[in-house]
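Listed here are the chains, written in short residue letters.
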Amino acid sequence: MTVQLPRKELFDIPAGVIYLDGNSLGPLPATVSAHVTDVIEHQWGAQLIRAWNESDWMGQPARVGDRIARLIGAPAGSVVMGDTLSIKVYQALAASLELRPDRRIILSDTGNFPTDLYMAEGLLRTLDGDHELRVVDPENVEHCIDESVAVVMLTQVDYRSGRLHDMQRLTALTQEAGAISLWDLAHSAGALPVELTATQCEFAVGCTYKYLNGGPGSPAFIYVRPDLIQRIQPALSGWMGHDAPFAFEPDYRPAPSVQRMRVGTPPVIQMSALEAALDAWEGVDMQAIRAASIALSERFILEVDQRCPALTLASPRDPQSRGSQVSFTCQHGYAIMQALIAQGVIGDFRAPNIIRFGITPLYLDETDIISAVDILQEVLDNERWKQPQFQVKREVT
Ligand SMILES: *Cc1c(COP(=O)(O)O)cnc(C)c1O
């Protein structure tokens, strides 16, 4: 059974808001509050410590991981939840370097999200000092994959421009050079079809508060290609990744499955918000999401091109080279976005001059897109953004 898009009735989006920031923080699914309240009152409140068994809190990271797996083309049992994406990047990177002990280069690109690069720097500081993080332009990655490279760490969709890497091709090139392929799916999971099994990459990681709507602080996921898991010695060898956490053995012994990538106690309440949020994906075909995302994005770009000459498309024009967001560069982008938000059209701004709009067919339709451009045009034509309150930079942009 596949469902019709959009599924607006499944979300609590405030009246008067057109939400074009689901690439950064997904909106609240309608069933989350009741489910989280139930977990708090009936599980934590009434069952107390018994809930670990009676409500299977212990199984939650794997149970939720299996539901994410379906959305990213991975088999059940290959994905586990926990921690933040930054931590999952660190774990996957550390494991990758251990799998290629004779190689010294982590290859990444300038389109990567800074935390991925920061985590790599931090990891390298704990090693012998002769590893190197090599960061090249996105177009140059393929020319820089050679036999000195241990791991190619890339984010499939560029958070600023929405530029989409060819995951299949780059993974194949990486593996031909004998290196490990690590993909960050932060802006892919729930945004477009991902086929991890077909791609054959070794590792993938991603977050769940963007397109998957798990809420702020919702845990990240990590995928390990099933044939490799027994060879991974987790760098963060926490008790929840132990084969028998409640045996309290003196020494670490990893679980035989992807569960070894767990670290400590999972964020049960936050993950229960994600668990309810994932109901919105039941019966959803990722190919249908992709087709709708492209149709909505193309319409958005066309309308902006015709009506808002101050904006220049910063995303690839070819939809096949673009993720599920559309970005523009413009002068005064921060103030323009603030003025737009004041009118109920919520997108965001990324320094130095990018305004971004997430296109999320789960809860957006063409009427929303046209209305958003109507308001954008009005903000620009009437120079609404010049008002002083829109000039003040807040901490989160
Ligand atoms: C959003 C995002 C992150 C965020 O990491 P957290 O640890 O969850 O804060 C990391 N990497 C990429 C590529 C992202 O897009």
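Parameters at a glance
Residues numbered from 1 in each chain as written. Predicted model: local features only at pLDDT ≥ 70, side-chain atom pairs only at ≥ 80, totals over all residues. Heavy atoms only, no water. Near = heavy atom within 4 Å. Polar contact = N/O pair within 3.5 Å; in protein donor to acceptor, adjacent residues only side chain to side chain. Areas by Shrake-Rupley, 256 points an atom, 1.4 Å probe, with all protein chains shown as cover. Helix = DSSP H or I, 4+ residues; strand = E, 2+ residues; numbered from the N terminus. Nonpolar A, V, L, I, M, F, W, Y, C, P; charged D, E, K, R; others polar. Pairing = 2+ DSSP bridges. Axes fitted to C-alpha atoms, helices over the stretch in contact; angles between N-to-C directions. Contact = heavy atoms within 4.5 Å. Domains from an automatic or database assignment. Buried area = accessible area lost by both parts, 1.4 Å probe. Core = buried A, V, L, I, M, F, W, Y, C linked by side-chain atoms within 4.5 Å. Buried < 20%, exposed > 50% of the residue type's maximum accessible area, 1.4 Å probe, protein only.

Enquirer: Break down the site of the ligand for me, citing the residues and quoting the values.
Expert: If you check the shell around the ligand, you find T84, L85, S86, F113, T115, D116, T155, D184, A186, H187, Y209 and K210 and nothing else. Within the side chain of H187, one N or O atom sits 2.8 Å away from an oxygen atom of the ligand. Relative to its free-state accessible area of 380 Å², the ligand is covered by the protein chains to the extent of 86%. At the level of elements, α4 (85-99) and α5 (114-125) are the ones that each hand at least two residues to the shell around the ligand. Split by residue class, the shell around the ligand holds 4 nonpolar, 5 polar and 3 charged.

Enquirer: Account for the sheet that holds strand β3 (residues 105-109), with residues named and values stated.
Expert: Strand order in this open sheet of 7 strands is β2-β8-β7-β6-β5-β3-β4, and the pairing throughout is mixed. Bordering the open sheet on either side are β2 (79-81) and β4 (132-136), each of which pairs with just one other strand. In this sheet, adjacent strand axes meet at a mean angle of 20° when their direction is disregarded. One ladder, built from 5 bridges, connects strand β5 (residues 149-155) with strand β6 (residues 180-184); its direction is parallel. Its bridge partner being in β6, L154 is matched across the sheet by W183. Helix α7 (residues 167-176) contacts β5 and β6 of the sheet and is inclined by roughly 155° relative to β6.

Enquirer: Just give me the short version of the domain arrangement of the protein chain, but keep the residues and values in it.
Expert: Each assigned domain of the protein chain is listed with its residue range as follows: domain 1 (8-29 + 285-390) and domain 2 (33-281). On a C-alpha basis, the centres of domain 1 and domain 2 stand 29 Å from each other. Contacts between the two partners involve 32 residues from domain 1, matched on the other side by 24 residues from domain 2. Surface buried jointly by domain 1 and domain 2 totals about 2200 Å² across both partners, of which 62% is contributed by carbon and sulfur atoms. Sorting the residues of domain 1 by area buried against domain 2 places M286, Q325 and L362 first, and these three jointly supply 23% of that buried surface. Where domain 1 meets domain 2, there are 11 residue pairs in polar contact (both at pLDDT 80 or more).

Enquirer: Break down the sheet that holds strand β12 (residues 348-350) for me, citing the residues and quoting the values.
Expert: Here 4 strands make up an open sheet; going across it, the order is β9-β10-β13-β12 and the pairing antiparallel. Sheet topology places β9 (312-313) and β12 at the edges, where each strand pairs with a single neighbour. Across 3 bridges, the pairing between β12 and strand β13 (residues 354-358) is antiparallel. Bridge pairing links D348 to R356 in β13. Sheet strands in contact with helix α10 (residues 286-307) are β9, β10 (325-329) and β13, and its direction is about 20° off that of β10. Strands β12 and β13 of the sheet are contacted by helix α11 (residues 333-342), whose axis makes an angle of about 35° with β13.

Enquirer: An account of the nonpolar core is requested, with residue identities and associated values reported.
Expert: One finds I72 and L196 to be the most contacted residues of the largest nonpolar core, which totals 79 residues. When residues of this core are assigned to domains, at least three map to each of domain 1 (8-29 + 285-390) and domain 2 (33-281). Setting aside residues no more than four positions away along its own chain, L196 makes contact with I72, G73, A74, M167, L185, C201, A204 and Y223. L85, V89, L99 and I232 belong to the second-largest nonpolar core, a separate cluster that totals 32 residues.

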